[in-house]
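Reading the structure
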Amino acid sequence: KMLRSMLLTIVIMSVCLFINSYFKALANNYLLPAQVYPIYQAGGLIFSAVMAAVFFKEKITARCVIGMVLAFIAILLLK
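Residues numbered from 1 in each chain as written. Predicted model: local features only at pLDDT ≥ 70, side-chain atom pairs only at ≥ 80, totals over all residues. Heavy atoms only, no water.

Each helix and strand counted, the chain has three helices and zero strands in total. Each helix (α) and strand (β) of the chain, taken in turn from the N terminus, gives the series α-α-α. Over its C-alpha atoms the chain spans a radius of gyration of 16 Å, topping by over 25% the 12 Å that the globule rule assigns to 79 residues. By principal-axis analysis of the C-alpha atoms, the chain measures approximately 50 × 35 × 15 Å. (Helix = DSSP H or I, 4+ residues; strand = E, 2+ residues; numbered from the N terminus. Rg over C-alpha atoms; globule rule 2.2 N^0.38 Å.)

Listed below in C-alpha cells is the structure:
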C-alpha cells in the first residue's frame, strides 16, 4: 500500500534525476569536469534555496542571500 501511494513521487524523482544526469553529462562536452562539478554544486544550492522559498515558503535570510551571491560569483569566476 505504501509503495503504491509513493509510486508517483518515486517516478517523478527518478525522471528528474535522469534529466539532471543527462545535462551534467552534456555539460562535460563543453567544460572541463573540474569546472562542471563546482558549477553543479553551487547551482544546486542556489536552486534549492529558491525552490524552498517558492514552494515551501521558507524564509531567505540575509545570511542565505550572501551565501547565494557568493556561490554565484564563484560560478562566474570559474569561466
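Once that is clear, we can look at the nonpolar core. Formed by Ala42, Ile46, Ala49, Met68, Ala71 and Ile75, the largest nonpolar core amounts to six residues. Of all the elements in the fold, those that place two or more residues in this core are helix 2 (33-56) and helix 3 (62-78). In this structure alanine 49 touches Ile60, Cys64 and Met68, once residues within four positions along its chain are discounted. (Core = buried A, V, L, I, M, F, W, Y, C linked by side-chain atoms within 4.5 Å. Buried < 20%, exposed > 50% of the residue type's maximum accessible area, 1.4 Å probe, protein only. Contact = heavy atoms within 4.5 Å.)

Further remarks concern a nonpolar patch on the surface. On the surface, a nonpolar cluster with roughly 940 Å² of combined accessible area is contributed by Leu7, Val11, Val15, Phe18, Ile19, Tyr22, Phe23, Leu26 and Tyr30. With respect to the element layout, leucine 7 can be found in helix 1 (residues 2-27). Judged by relative accessible area, leucine 7 falls into the partly exposed class, the value being 46%. (Patch = residues over 30% accessible without salt bridge, like charges linked within 9 Å, V, L, I, M, F, W, Y side chains within 5 Å. Areas by Shrake-Rupley, 256 points an atom, 1.4 Å probe, with all protein chains shown as cover. Salt bridge = Lys/Arg side-chain N within 4 Å of Asp/Glu carboxyl O.)

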